[in-house]
Every structure is written in C-alpha cells, then in structure tokens.
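Coordinate analysis (summary)
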Amino acid sequence: MAKVPRNFRLLEELERGEKGLSDGAVSYGLSDGDDMLMRQWNGTILGPHPSPHEGRIYTLAITCDMDYPERPPKLKFITKVNMTCVHSDTGVVDPNKLPVLARWNRDYTIETCLLELRKEMVSKDNRKLSQPPEGAMFN
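Parameters and conventions
Residues numbered from 1 in each chain as written. Predicted model: local features only at pLDDT ≥ 70, side-chain atom pairs only at ≥ 80, totals over all residues. Heavy atoms only, no water. Helix = DSSP H or I, 4+ residues; strand = E, 2+ residues; numbered from the N terminus. Rg over C-alpha atoms; globule rule 2.2 N^0.38 Å. Buried < 20%, exposed > 50% of the residue type's maximum accessible area, 1.4 Å probe, protein only. Contact = heavy atoms within 4.5 Å. Areas by Shrake-Rupley, 256 points an atom, 1.4 Å probe, with all protein chains shown as cover. Lys, Arg positive; Asp, Glu negative; His and termini not counted. Charge placed at Lys NZ, Arg CZ, Asp CG, Glu CD. Pairing = 2+ DSSP bridges. Axes fitted to C-alpha atoms, helices over the stretch in contact; angles between N-to-C directions. Expected span 1.5 Å × (residues − 1). Arc of directions from axis to C-beta. Phe/Tyr/Trp six-rings, centres within 6.5 Å; stacked < 30°, edge-to-face > 60°.

1. A word on the overall build of the protein chain
Along its length, the protein chain carries four helices and four strands. Along the protein chain, from the amino end to the carboxyl end, the secondary structure elements read α-β-β-β-β-α-α-α. Its C-alpha atoms give the protein chain a radius of gyration of 15 Å, within 12% of the compact-globule value 14 Å for 139 residues. Out of the 139 residues belonging to the protein chain, those deemed buried represent 41%. Nonlocal contacts in the protein chain, meaning residues at least 24 apart in sequence, comprise 55% of its contacts between residues at least 6 apart. About 7800 Å² of surface is accessible on the protein chain, with carbon and sulfur atoms providing 53% of the total. Between the centroid of the 19 positive side chains of the protein chain and the centroid of its 20 negative side chains there is a distance of 6 Å.

2. Points about the pairing of strand β4 (residues 74-77)
What you see with β4 is a clean split: Leu 75 and Phe 77 sit on the buried side and Lys 74 and Lys 76 on the side with no burial. For strand β3 (residues 57-63) and β4, the ladder comprises four bridges, and the chain directions are antiparallel. Looking at the pairing, Ile 62 lines up with Leu 75 of β4.

3. Regarding the pairing of β3
Bridge analysis of strand β2 (residues 40-46) against β3 gives seven bridges, and the strand direction is antiparallel. Note that in β3 the partner of Thr 44 across the bridge is Thr 59.

4. Topic: the sheet that holds β3
Within the open sheet, the four strands sit side by side as β1-β2-β3-β4. Their pairing is antiparallel. Two strands close off the open sheet at either side, each with one partner strand: β1 (26-30) and β4. Neighbouring strand axes in the sheet, compared pairwise and without regard to direction, differ in orientation by 25° on average. Along the sheet, helix α1 (residues 6-19) makes contact with β1 and β2, crossing β1 at roughly 130°.

5. Details of α1
Counting along an α-helix, one turn takes 3.6 residues, and residues three or four places apart therefore face a common direction. Under the 1.5 Å per step criterion, the end-to-end length of α1 is 20 Å for 14 residues, consistent within 8% with the ideal 20 Å. Within the sequence span of α1, burial applies to Arg 6, Arg 9, Leu 10, Glu 13, Leu 14 and Gly 17. Down the axis of α1, the sector holding all buried residues measures 140°, keeping them to one side. Turned more than 90 degrees away from the buried face of α1 sit Phe 8, Glu 18 and Lys 19, all of them exposed.

6. Some details on the environment of Pro 95
Looking at the secondary structure, you find Pro 95 in the loop between β4 and α2 (99-102). For Pro 95, a relative accessible area of 39% corresponds to the partly exposed category. Those residues in contact with Pro 95 that sit more than four places away from it in its chain are Leu 101 and Ala 102.

7. Focus on the packing of aromatic side chains
All chains considered together, the criterion is met by three aromatic pairs. Taken together, a centroid distance of 5.6 Å and an interplanar angle of 80° make the contact between Trp 104 and Tyr 108 edge-to-face. What makes Tyr 108 partly exposed here is its relative accessible area of 29%. Site record: aromatic cluster; members linked through ring pairs are Tyr 68, Trp 104 and Tyr 108.

Spatial relationships are all this shows, so hold off on functional conclusions.
Right under this line is the structure:
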C-alpha cells in the first residue's frame, strides 16, 4: 500500500479536527492558519469522568515535525496537569512514558495521541495524583 504524503495526511487530520468528527472529548487544529508546513497545532482535552480531571479543559501545543507521521508529534501541555507521563516543570509529554508515543505507528494520528492522553488521565497511577488549581498554566 502506498504511503500518503505528509501534507495530504495532515490536511486529512485538519479536516477531521475542524469538522469535529470525534466524540467531542478532544479537539485539535492548526495554531496558525498560514502555517503552510502544518507544523504547529493546538489541542484540547476535556477532563474525563470520573477523575480529578472531570470538568476541566486542558490545552496542548502539538508540533508535527517534517518526519511526521513516520515519527510521533511532540506534545506539550499549556494547562498545568499532574500526570506520570508529563514533565512537572515544563508540561512536555515524555514520549517514553506514554505508550502511544513509545510504540508509534504511522497510522496513529494527532487525535489518537489526545485520546490516549485522556485515557491516561484515568489510569490507576494518574487517578490518585492531586491536580494544580484549575486554570494554572505552565510557563
């Protein structure tokens, strides 16, 4: 099967994100509509029920380098969150600690990453972590 070129793939993801074709738990889109390389994205995760994240809205910066989708995107929380896969001082998601990034497959998407982060929020290890005040941001 032929590989879809990077920009076509990202255009498909952009269309899906803009049309809100997921279940509404996550959303994503380009951070700058003039970004012809489609590198910088914004993502949003609605905190899952039941968890300490319930009712919260988390925003992320997503970078799709030129080797995407062969390599995973870089994910960084803007909204403060305590999770085992997130560096507590920067908000950067550690690709070695989030299984979807550690075992990346070119068929995964930005949406896949956001949904997996949302699932991770209710994991046994993350469920018991206290969370920063709502609205707190990483520097």
